[in-house]
Amino acid sequence: MKQARKHLKKVGYPSGTILYTGNDLDKEVEIELITYSKEKSSIKNIKSLDEMDFSSDDLKWINIRGLHDIDLIKKIGDIFKISNLTLENITHIAERPKVEFYNNYMFLTLKTLFFDEDNIEIIQKQVSFILMHNTLITFQEDKNNTFDMAKKRICENEGLIAKKNIDYLLYFLIDGVVDEYFVALSKIEEKIEDIEESIVGNSQKYELQEVYKLRKGLVIFKALTWPLEDTIYDILNEDSIISEDTKKYLKDVRDHLIQITELVTFYREMILGIFDIHLSNTSNKMNQIMTTLTVFSTIFIPLTFLTGIYGMNFKYMPELYLKWSYPLFWILCLGIIFGMYRFFKNKDWM
Amino acid sequence: MKQARKHLKKVGYPSGTILYTGNDLDKEVEIELITYSKEKSSIKNIKSLDEMDFSSDDLKWINIRGLHDIDLIKKIGDIFKISNLTLENITHIAERPKVEFYNNYMFLTLKTLFFDEDNIEIIQKQVSFILMHNTLITFQEDKNNTFDMAKKRICENEGLIAKKNIDYLLYFLIDGVVDEYFVALSKIEEKIEDIEESIVGNSQKYELQEVYKLRKGLVIFKALTWPLEDTIYDILNEDSIISEDTKKYLKDVRDHLIQITELVTFYREMILGIFDIHLSNTSNKMNQIMTTLTVFSTIFIPLTFLTGIYGMNFKYMPELYLKWSYPLFWILCLGIIFGMYRFFKNKDWM
Amino acid sequence: MKQARKHLKKVGYPSGTILYTGNDLDKEVEIELITYSKEKSSIKNIKSLDEMDFSSDDLKWINIRGLHDIDLIKKIGDIFKISNLTLENITHIAERPKVEFYNNYMFLTLKTLFFDEDNIEIIQKQVSFILMHNTLITFQEDKNNTFDMAKKRICENEGLIAKKNIDYLLYFLIDGVVDEYFVALSKIEEKIEDIEESIVGNSQKYELQEVYKLRKGLVIFKALTWPLEDTIYDILNEDSIISEDTKKYLKDVRDHLIQITELVTFYREMILGIFDIHLSNTSNKMNQIMTTLTVFSTIFIPLTFLTGIYGMNFKYMPELYLKWSYPLFWILCLGIIFGMYRFFKNKDWM
Amino acid sequence: MKQARKHLKKVGYPSGTILYTGNDLDKEVEIELITYSKEKSSIKNIKSLDEMDFSSDDLKWINIRGLHDIDLIKKIGDIFKISNLTLENITHIAERPKVEFYNNYMFLTLKTLFFDEDNIEIIQKQVSFILMHNTLITFQEDKNNTFDMAKKRICENEGLIAKKNIDYLLYFLIDGVVDEYFVALSKIEEKIEDIEESIVGNSQKYELQEVYKLRKGLVIFKALTWPLEDTIYDILNEDSIISEDTKKYLKDVRDHLIQITELVTFYREMILGIFDIHLSNTSNKMNQIMTTLTVFSTIFIPLTFLTGIYGMNFKYMPELYLKWSYPLFWILCLGIIFGMYRFFKNKDWM
Amino acid sequence: MKQARKHLKKVGYPSGTILYTGNDLDKEVEIELITYSKEKSSIKNIKSLDEMDFSSDDLKWINIRGLHDIDLIKKIGDIFKISNLTLENITHIAERPKVEFYNNYMFLTLKTLFFDEDNIEIIQKQVSFILMHNTLITFQEDKNNTFDMAKKRICENEGLIAKKNIDYLLYFLIDGVVDEYFVALSKIEEKIEDIEESIVGNSQKYELQEVYKLRKGLVIFKALTWPLEDTIYDILNEDSIISEDTKKYLKDVRDHLIQITELVTFYREMILGIFDIHLSNTSNKMNQIMTTLTVFSTIFIPLTFLTGIYGMNFKYMPELYLKWSYPLFWILCLGIIFGMYRFFKNKDWM
């Protein structure tokens, strides 16, 4: 939650103000420069952008981890001629996934999503991309496996990354992020199945709150992945820096995003179904309780009335003095019990 | 509420009648004239439009606060050649957000929205804009922070306002209004979270009415912000007085409006989820109450029947005269209680 | 209701049969001829169409009130060369709002809507328009304020009606009808607010039926106003007899129709919310009742058991003969009551 | 129901197999040949297609009643050069309404719908049309009033049928089928109103099943009429054998189909509303029952406790021996009853 | 279920990795080569692709059953110049149905669906097609009747398969798969009808879980068939290897897929309706139980109070000593019972 409040930090500032609106403030900002070509590759952790060398024709991937060093962001803006609006979007972590095409670069922003199983909560981190000729700059709010894997692949010249152009690297990273969506969804799926199983047995209160949290999580999940499908669609239809070859790969990513939306719809349906079962369980339990009460009460209430009768102190109650009264009383009681039993059996209440 | 009734004030009047349909009638109408260029700026509170000076090339922003001075509105119409239909829209506060393009000006109307936390109600005020070459006229139904901030920025030559053209000022004001939407949504979000927390603990009646009011508020919120997204889209696609540069900024505003719609959908989902939890809580509480009643009743009803038996006055009841009858009776009672306890324990009712 | 049955009257007739399918059969059909120009105007109630004079260049408005005089309708068809299909549509009162463009005229049909507060019902009457060069023919199923107002305006040369062309008159009448939609919605709004208030206090059966009737009414309301928005859109986009100037006014009408659809959606949401509150109220009341029963029963049931114990007639019950037994019994009872009270207080049931 | 199972009969057959999948197998197939022009007309029941005479220029309508004579269907295919796919569609009764345009003919298939009031079920029969120059072939699964009426009109030279071309006959038949939709809807409407009225009084179980059946019926109704609207739209937009004149009439039919969809939506809303009222009625009844139980129990339980007290056999109970004890006991009881009465009156439970 | 988890197997692998993500790992992979022309046909089970003879002009259908032999898949890719992306899609069984057009081939993937009636579960198996000039390669995850039937038809030169081109074979297989959808839906339909019938009689817990499983199954069913409709639409609108003649047949398949979506919607509606009836049944049963309890309790509670009165041991209770007291007591009791009976009869509770 706290979706709307993310925007509050920006309220009151003149537009064009570059401002980090997230919470990851205390981690140190890291800059990595990965240079690679088909033949060779190198990874450097650099302190300052001045260390960069722009002379070679090698592909360059500049990875910034941490978004709160505004000066750094501004400097990148200066060096690569990035629009102020783009810089604003990079540091404002409440942006919707979107793509924007500029003369000299393409800007893409999206969210990585993880599912925190303990709190049943979706954790989102913003990742932005600036794709230029031969150069990709990425801005990560937090660490991310996909990025580490890409670095490993480049270093070890594994797979297609080093063989293809810089736009393939962009595809690789997006694809990795979308794969992580599937990981998150798998965990949600398992959680739903757990609840499904336990709701069949017995339903307890805390589960329902889990169901509610999952429901919330799925709405957020959809809101953050669905615009990405649209974004990829925009990339596919724009004549941009992305080659036709890479677009074929991106088309696959888009298909996966459509599947994700379908899965979210499916999970939502399941959650609604689970709630209905829960409701029905509660009603059934109530019915069972009430049936027990009713059966007991209606059997004993007339019997107790009978004992009351013969507990009265009227002078003239002839039955009291007959020898067979007491045994007959018991027979009457048993008769009533048996009759009631048949009555309830008939009604299928016992 | 009272949405439809706002229109009633206009029913029966010939169309083209300029009529203020709001309630802010007693405040005095203020006219502010802000003249600015890159070099200098001035703010004047003027009494009459005749005081204005149209000779200079400076950018002019005329801000009218209060919509009930029909003569003033008409005079502006005369001076700037504004269509009667536009003037009608400015003073009729029940208009949907919309943009209209005329030969000599662009007309835009929208709502500022605030969330009244005490009454859980959305408060809306109408703001209209007439954008002309070098001149922007704004019509506010009520005071507004964004407008004050814009004035301050212009005076102090802060940010981009004074450096850019008059259409940037329009963007700045719209952006401020949209930022205030986020403020309102944040408050709604907090309210929902409050209710969410309290519904987990115990559910009381007044909360449900708050939920209902929030639900109502969100529908109104959506109805008043969603058409604005469409309106901005129209501006972006129309070849008008708005420069391409400003359109880039407006595109960001549109993204924010899409986010707002998504947030409203999200909150609606949460409210429906909260209601479901409330329903389930009520059922659970009922189950608990009924279980208590059933357990107590079914334990004591047969015992009371037993006491009834031995309270009867039959002459011939041999048990009554045996020495061990009374202790045996107690043992029987305890046996029944223990049996019942096991029975309920088994059913998980205790 | 009785929506589908309106069509039954036409079943079995050859198509092209002009047939009045409404119920307003006994009122006399009135024909009014209003002739006007910028300078002068005249209103005549005429008996027969032969009295009309077609020589002058003045604008002519022929208003027919009552649709069951089929001969009259046919005669109009002959005189003005109206298609048989159009005449069929004029008298068949179950038509959806729609516009049709013919070579020599434009045909428009729509509904006036009123809200009958006593029966909580939408009352619809059909109005059809045939717009030709200089002439407008209107067909009313029943009387209507808007039409009277238009006549008054023309006679008194008030407003723009007499100053503009005949298509402005058409706009004026449509605008009036749409204004009446707002009047109907205002009444619905008030009704909903009444129910809203009373449902907060106490919920009684008849209210829920009112809610149901309102729900039904809103569906009908939407079904009859929503196609009109589409119809106006068609008029705006067709190169027809309607001037650009009048289209600007009609655009405003369309905006109002969109607002009406939004309001209906809003009211529907409120009604669903009210039903949810009602449901929750019923559950809460049940909980309260059951709590009362449970508290009373569980306190007294063990006490009654105790009295039963000491009402037994066993010979050897030593307690019965002790002096302090009775006071101790009372102390025990009070102890049980106090214990129970604490137990229920803890559970928040008292 | 049994919607999906209709397709089963075709599974496993090579496509292009002409196979009747309905149940009307035992009725004899009838072939009628209606020949007409503006001047004269004739109807013949023929045994074999060889009896037909193709020399005259008169309009020809061949009406086949019964779809299970596969040889006949194939022969028609041979004579008129009908595609095998079309023949397949004619005999496979589970087809959706659709139109297909071939070089030499237009193929249209749709359903006639009737409402069986006793079983609350929609009965559908397939009708297919092959429209060629001067010739219309119709394939009916079962008898149908509209077709009889068309024959009568042609014979008696009534209405426009005999005066217009063969495509007008097609329109006439479609219009008749759509009119029968309104008849079916009227019956559904009446049924809903019946239930509506009875649910207000008292709700019994069988009604709810009727509501469920109506709900099912409406979904089927929509699924079978809604594609027809689309189909007519396709005919209107295709440059085919249908003349512009007839298209004007078909446009009216399309408007009616839109109305039908709106009515179905309306009835669905009503049915959901009725279910909500039913639910609320059930809850209210429960509340009433529980209130009765609670009032009775809570009044008498303390009284019974009191009688228990003074039924105890303690030796030392001083009250028992006082003269005014018994009358005082009664006064106490009446006091408790009165107090309880006030308590329940206050709570509005009595 | 386990929808999202299917994707997990691919996470972490470089894209372009061909990886079987299903579970059918232990079955042996079979390769069948079917060669046919109008005159002759042959079926061969081959061990290796090297056995294939590409010299003849006969139509070739290569059917691979089992997707886990990655080397085989790669070899096919080499021989027929299939894109790596296509090969990836063939072995990744979680793909959505889709079509892709390449220069030398068309790639189509879809699911066969079966309904496991015992577990109330949809079982899906992936089938992929690569259509080239004169050659069709099919990849089946598991055995399938439709494929066997096609082989039989080709061998026996039955129907149109052997007479038409290779794209007709593709159509034939797709049509068979869609027919199997209808088979699955028929079984679902029967299941729903079973539940429908039993829910009318008496509602038991296990049924509701069946309803839930059916609901889940329908969502999956729709998610896997609905994109296929879109896919066929794409094929129909692409100028590809598919002939116009075959497209006519595919159009029919598309109509069937639309029907399937409509049926799924219909079943979903029924399931929701069934749940509502279940809910209402539960409430009705509760009402019945509570009524029984209330009637019994309220009749006997006052009677028991009366017996309590005359069981008290007050010294001075004059009634106790009157001769007619006891009979009068019984008359009073019967009077109360009769009065209560009338009261409940009035309320329709008995």
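Per an unreviewed UniProt entry, chain A goes by Magnesium transport protein CorA and derives from Gottschalkia purinilytica. Check the Sequence similarities (unreviewed entry) section of the UniProt entry for chain A; it says "Belongs to the CorA metal ion transporter (MIT) (TC 1.A.35) family." Word for word, the UniProt comment on chain A under Function (unreviewed entry) is "Mediates influx of magnesium ions."

Attention now moves to the UniProt feature "transmembrane region" (unreviewed entry) in chain A. Per the UniProt record, "transmembrane region" (unreviewed entry) is found at residues 289-312 and 324-344 of chain A. Helix and strand shares over residues 289-312 of chain A are 88% and 0% respectively, and the end C-alpha atoms of the span are 34 Å apart.

Taken together, the 64 residues of chain C in the interface contact 68 residues of chain D. Buried surface at the junction of chain C and chain D, both sides included, amounts to about 6,000 Å², of which 65% is carbon and sulfur. Joining chain C to chain D, the criterion identifies eight salt bridges. Inspection of the region where chain C meets chain D yields 17 residue pairs in polar contact (both at pLDDT 80 or more). Of all the elements in the fold, those that place two or more residues in the side of chain C that touches chain D are α1 (5-8), α3 (84-91), β4 (98-101), α6 (205-237), α7 (244-309) and α8 (325-346) of chain C. A breakdown of the residues in the side of chain C that touches chain D according to their chemical character gives 32 nonpolar, 18 polar and 14 charged.

In this section: the relation of the copies chain B and chain A. By a simple turn and slide, chain B fits onto chain A: the slide is 0.0 Å along the axis, the RMSD is 0.0 Å, and the turn is 72°. Put plainly, the chains are arranged around a five-fold axis. Relative to the rotation axis, the closest C-alpha in chain B is found at G311(B), a distance of 4.7 Å. The overlap is low: 13% of the interface residues of chain B also sit at the interface in chain A, so different surfaces are used on the two sides.

Each partner contributes residues to the interface: chain B has 69 residues there, and chain A has 65 residues. The largest contributions to the chain B side of the interface with chain A come from E269(B), F305(B) and F314(B), which together make up 11% of the buried area. For the pair chain B and chain A, the number of links is eight salt bridges. Its salt-bridge partner being D276(B), residue R215(A) comes within 3.1 Å of it at the nearest N-O pair. Applying the counting criterion to the chain B and chain A interface returns 17 residue pairs in polar contact (both at pLDDT 80 or more). Of all elements in the fold, only α4 (145-155), α5 (166-201), α7 (244-309) and α8 (325-346) of chain B reach the threshold of two or more residues within the side of chain B that touches chain A. Per-element accounting of the side of chain B that touches chain A gives the leading share, 36 residues, to α7(B). Tallied by class, the residues present in the side of chain B that touches chain A amount to 34 nonpolar, 17 polar and 18 charged.

Below, the discussion takes up the packing of aromatic side chains. All told, the structure shown has 95 aromatic pairs over all chains when counted by the stated rule. The interplanar angle of 70° and the centroid separation of 6.0 Å between the aromatic rings of Y181(A) and F221(A) together place this pair among those described as edge-to-face. Of this pair, Y181(A) sits in helix α5 (residues 166-201) while F221(A) is found in helix α6 (residues 205-237), placing the two residues 40 residues apart along the sequence. The class for F221(A) is buried, based on a relative accessible area of 0%. Plain terms: the ring middles of F344(C) and W349(C) are 5.8 Å apart, the flat faces sit at 20° to each other, and that makes the pair stacked. Exposure class is identical for F344(C) and W349(C). Each is buried. Through pairs of rings, three or more aromatic residues link up here, namely F296(A), F300(A), Y310(A), Y326(A), F329(A), W330(A), F305(B) and F314(B). One cation-aromatic arrangement involves K323(C) over Y316(D); the distance from NZ or CZ to the ring centre is 5.7 Å.

This part covers the pattern of salt bridges. Counting across every chain of the model gives 106 salt bridges over all chains. K98(A) is the partner of E100(A) in a salt bridge, and the nearest nitrogen-oxygen pair spans 3.5 Å. Residue E100(A) shares its accessibility class with K98(A), and that shared class is buried. Close ionic contact of K40(B) with D58(B) constitutes a salt bridge, the shortest N to O distance being 2.9 Å. Here the residue K40(B) occupies a position in the loop between β1 (30-36) and β2 (41-46), and D58(B) occupies one in the loop between β2 and β3 (59-65), the gap between them amounting to 18 residues. Under the relative-accessibility criterion, D58(B) is labelled buried at 15%. Sharing partners across several salt bridges, the network here consists of E95(A), K98(A), E100(A), K251(B), D252(B) and D255(B).

Before going further, it helps to examine helix α2 (residues 70-80) of chain D. All names here are of chain D. Those residues of α2 lying buried are I70, L72, I73, I76, G77 and F80. Looking down the long axis of α2, one finds its buried residues gathered within 165° of arc, a one-sided arrangement. Across α2 from its buried face, at more than 90 degrees, point the exposed residues D71 and D78. Structurally, α2 contributes buried residues whose contacts are with β1 (30-36), β3 (59-65), α3 (84-91), β6 (121-132) and β7 (135-140). Once α2 ends, the next one or two residues include K81, with phi positive near 55°.

Here the focus is unusual backbone geometry. Unlike most non-glycine residues, I120(B) shows phi in positive territory, near 50°. Mapping I120(B) onto the fold places it in the loop between β5 (106-116) and β6 (121-132). Here the phi dihedral of K81(D) falls at roughly 55°; this positive angle occurs in a residue that is not glycine. As for its position among the elements, K81(D) is in the loop between α2 and α3.

Let us look at the packing of α7(B) against α8(B). In a packed pair of helices, the relevant descriptors are the angle between the two axes and the axis-to-axis distance. Residue and element names in this part refer to chain B. Where α7 contacts α8, the axes come no closer than 10 Å and their chain directions differ by 160°. By the angle between their axes, α7 is roughly antiparallel relative to α8. Crossing of α7 over α8 shows right-handed handedness. The residues of α8 that touch α7, namely those facing T294, V295, T298, I299, P302, L303, L306 and T307, are F329, L332, C333, I336, I337, M340 and F344. Residue composition of the contact of α7 with α8, by class: twelve nonpolar, three polar and no charged.

Cut-offs and rules
- Residues numbered from 1 in each chain as written.
- Chains lettered and ligands numbered in written order.
- Predicted model: local features only at pLDDT ≥ 70, side-chain atom pairs only at ≥ 80, totals over all residues.
- Heavy atoms only, no water.
- UniProt positions renumbered as here; feature names shortened; annotations may be inferred.
- Helix = DSSP H or I, 4+ residues; strand = E, 2+ residues; numbered from the N terminus.
- Contact = heavy atoms within 4.5 Å.
- Buried area = accessible area lost by both parts, 1.4 Å probe.
- Salt bridge = Lys/Arg side-chain N within 4 Å of Asp/Glu carboxyl O.
- Polar contact = N/O pair within 3.5 Å; in protein donor to acceptor, adjacent residues only side chain to side chain.
- Nonpolar A, V, L, I, M, F, W, Y, C, P; charged D, E, K, R; others polar.
- Least-squares fit on C-alpha atoms with pLDDT ≥ 70 in both.
- Phe/Tyr/Trp six-rings, centres within 6.5 Å; stacked < 30°, edge-to-face > 60°.
- Buried < 20%, exposed > 50% of the residue type's maximum accessible area, 1.4 Å probe, protein only.
- Lys NZ or Arg CZ within 6 Å of the ring centre and 35° of its normal.
- Arc of directions from axis to C-beta.
- Axes fitted to C-alpha atoms, helices over the stretch in contact; angles between N-to-C directions.
- Parallel < 35°, antiparallel > 145°, perpendicular 65-115°, else oblique.
- Left-handed = near helix turned anticlockwise from the far one by under 90°.

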